[in-house]
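What the coordinates show
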Amino acid sequence: MMFDTIAAISTPRGEGGIGIVRLSGDESLGILSKIFKPKSKKDVKDIKSYTINYGHIYDGDELIDEVLVSVMKAPNTYTREDIVEINCHGGYLITQKVLELVLKSGAKIAEPGEFTRRAFLNGRLDLTQAEAVIDLIHGKTDKSISLSLNNLRGDLRDQINHLKKILLDVAAHVNVVLDYPEEGVDEPIPEHLIIELHNVKDTITKLVESYDKGKMIKEGIKTAIVGKPNVGKSSLLNSILREERAIVTSIAGTTRDTIEEIINIKGIPLIMVDTAGIRKTQDEVENIGVQKSKKMLKEADLVLFVLDSSRDFSDEDREIYDSIESEKVIGILNKIDMEKKLDITNLTKVKKWIEISALENIGIDTLENEIYNFILSENIEDSSEKLIITNIRHKSALEKTKKSIENIFETIDMGYPMDLIAVDLNDALDSLSEVTGEISSEDLLDHIFSNFCVGK
Ligand SMILES: Nc1nc2c(ncn2[C@@H]2O[C@H](COP(=O)(O)OP(=O)(O)OP(=O)(O)O)[C@@H](O)[C@H]2O)c(=O)[nH]1
Ligand SMILES: [Mg+2]
């Protein structure tokens, strides 16, 4: 494909050790030759690929900068086009000046993401990989970065292509039956293909279900600290953050609004939310806070249910206890620096209790380990082996595929005509192709002819 030659500053704006002006396109070397004088006195067009070249940038006779220029020639480059990277001294003004000179010499300013877009359009990356590049740039923790790297390597693309191949096999069969009825193939879909179809559906279901986990890894696990007033929720938040983030007082009803902070537990981001103590109250402001706490209790991926171990279990505690979900709660017995009064023997809904003193920072490490174990039990740890989707676009395309496959089963069950199956198969293939970004019905034809010897 032919495109304009584009250019942009590829390093962050501001002052730094170096600033890089990057060019991509057929004219990259031509443009470079107008402004760059290599120390080697070589003609720029004769510079070898994958070399770094020392020299100077000139605007006419005016010296602009002393630079190192990397030259990478098509097709083995990020964009599959000729790429030139000019390493300037890292001042903002100098880098900007070199960019302007490059633009004046014939390049077009690149749109955001345009280099990666070219990598996609020129077939070096599929869409899932291009998206992984963006995720990598925004990745905040080791785990989310390792997921993005898996996708950049092409794991999702490979899986999608594998599923597509199976669907194409089925489609090839169906199309032969439809196009050549005289061949006498009247069996709707052979048993082994039906089994394959079920496998495809199961794989897609797992991928769709992995999204919640993927989202947790990418965006963080929402962890709500919940309990009645004064049990030490805000103290716990501060203790985990190791800073005085939330106001702590001995007055019940101190926290009025939710307070969110991101922490990182062994590479997994956690969005810690301190909430207003839940109780019945006439105070209008406090009541809004209490409603928000209840909402958070429902929405959170993990709930830290805090009790004051120096006091008896109260009706207010009971009410919160009744509304928590057993699978996503860790019980916190706070204030163990004081004499213990609380009896938890009957609170069987909570499977795990951790004793802490938020005031004296006792038990916080144990709690962090327990939170990590909770995440492990959610199987996030083996994310390196399993394919996990983190992208809502992929999720909705896969859901469409799943629906189409379910329609196929329905058609078979109801004994409806074959052409309906062909339509749903095409839809399934289209939505799979949406994931990787290449939709083409040419695919289907090629596949039919490569697998079947129709002329015979
Ligand atoms: N002895 C002792 N006191 C604590 C502990 N944790 C918190 N406190 C005290 O308990 C009181 C309430 O603490 P907060 O952290 O404000 O409690 P909260 O649950 O956020 O209360 P609300 O925001 O009103 O819902 C404060 O006086 C804290 O100093 C602890 O581990 N031991
Ligand atoms: Mg509080």
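How each quantity is defined
- The residue numbering used here restarts from 1 in each chain and proceeds along that chain's sequence as written.
- Think of it this way: whatever chain is written first is A, whatever ligand is written first is 1, and the rest follow in order.
- Reporting of local features is limited, given that this is a predicted model, to residues whose pLDDT is at least 70; pairs of side-chain atoms are given and counted only at 80 or more, and all residues count toward the totals for whole chains, interfaces and linings.
- Each residue receives a C-beta atom placed from its backbone. It is near a molecule or strand if this atom lies within 6 Å of it.
- The secondary structure listing takes helices from DSSP runs of H or I that are at least 4 residues long and strands from runs of E that are at least 2 residues long, numbered from the N terminus.
- Charged means Asp, Glu, Lys or Arg here, nonpolar means Ala, Val, Leu, Ile, Met, Phe, Trp, Tyr, Cys or Pro, and polar covers whatever is left, Gly included.
- Strand pairing is assigned whenever DSSP identifies at least 2 bridges connecting the two strands.
- Helix axes are fitted only over the stretch in contact, all axes being lines through C-alpha atoms; the angle between N-to-C directions runs from 0 to 180 degrees.
- Think of it as a crowd count around each C-beta: if 20 or more other C-beta atoms lie within 10 Å the residue is buried, if 12 or fewer it is exposed, and in between it is partly exposed, with C-beta placed from the backbone throughout.
- What counts as a contact is two residues whose backbone-derived C-beta atoms lie within 7 Å of each other.
- Where each domain begins and ends is defined by an automated method or by a domain database.

A separate point is the site of ligand 1. Near ligand 1 you find 24 residues, and of these Gly232, Ser234, Thr255, Gly277 and Leu359 are the closest. Broken down by element, the residue count for the shell around ligand 1 peaks at three residues, all from helix 8 (residues 233–241). A per-class count over the shell around ligand 1 returns eight nonpolar, 13 polar and three charged.

As a further point, take the sheet that holds strand 13 (residues 353–355). As summarised here, the arrangement of the six strands in space is 9-10-8-11-12-13, forming an open sheet in which the pairing is mixed. Single-partner strands in this sheet number two, and they are strand 9 (259–265) and strand 13. For this sheet the average axis-to-axis angle between neighbouring strands, irrespective of direction, equals 25°. Sheet analysis places strand 8 (residues 221–226) next to strand 11 (residues 302–308), joined by four bridges and oriented parallel.

Bringing unusual backbone geometry into the picture now. Along the chain, Ala74 connects to Pro75 via a cis peptide bond; the corresponding omega equals 5°. Among the secondary structure elements, Pro75 is positioned in the loop between strand 5 (62–72) and strand 6 (83–89). In the Ramachandran plot, Asn230 falls in the positive-phi region, its phi being about 75° despite a non-glycine side chain. As for its placement among the helices and strands, Asn230 is situated in the loop between strand 8 and helix 8.

Right, let's get into the environment of Asp257. Here Asp257 is to be found in the loop between helix 8 and strand 9. Overall, the presence of 13 C-beta atoms within 10 Å leaves Asp257 in the partly exposed class. Sequence separation between Asp257 and Thr275 is 18 residues, and the spatial gap between their C-alpha atoms is 6.4 Å. In contact with Asp257, other than residues within four places in its own chain, are Ala276 and Gly289.

This part takes up the pairing of strand 9. By the bridge criterion, seven bridges tie strand 9 to strand 10 (residues 268–274) in an arrangement that is antiparallel. Note on strand 10: the bridge partner recorded for Ile263 is Leu270. Counted along the chain from strand 9 to the antiparallel partner strand 10, the turn is two residues long, and its residue Lys266 has a positive phi close to 45°.

The next thing to look at is the sheet that holds strand 2 (residues 18–24). Within the open sheet, the seven strands sit side by side as 3-4-5-6-2-1-7. Their pairing is mixed. In the strand order of this sheet, the two ends are held by strand 3 (36–38) and strand 7 (108–109), each with one partner. Judged from the two bridges that link them, strand 1 (residues 6–9) and strand 7 form a sheet pairing that is parallel. Paired with Ala7 across the bridge in strand 7 is Ile109.

Each assigned domain of the protein chain is listed here: domain 1 (6–121), domain 2 (155–213 + 388–451) and domain 3 (220–378). A separation of 47 Å is found between the C-alpha centroids of domain 2 and domain 3.

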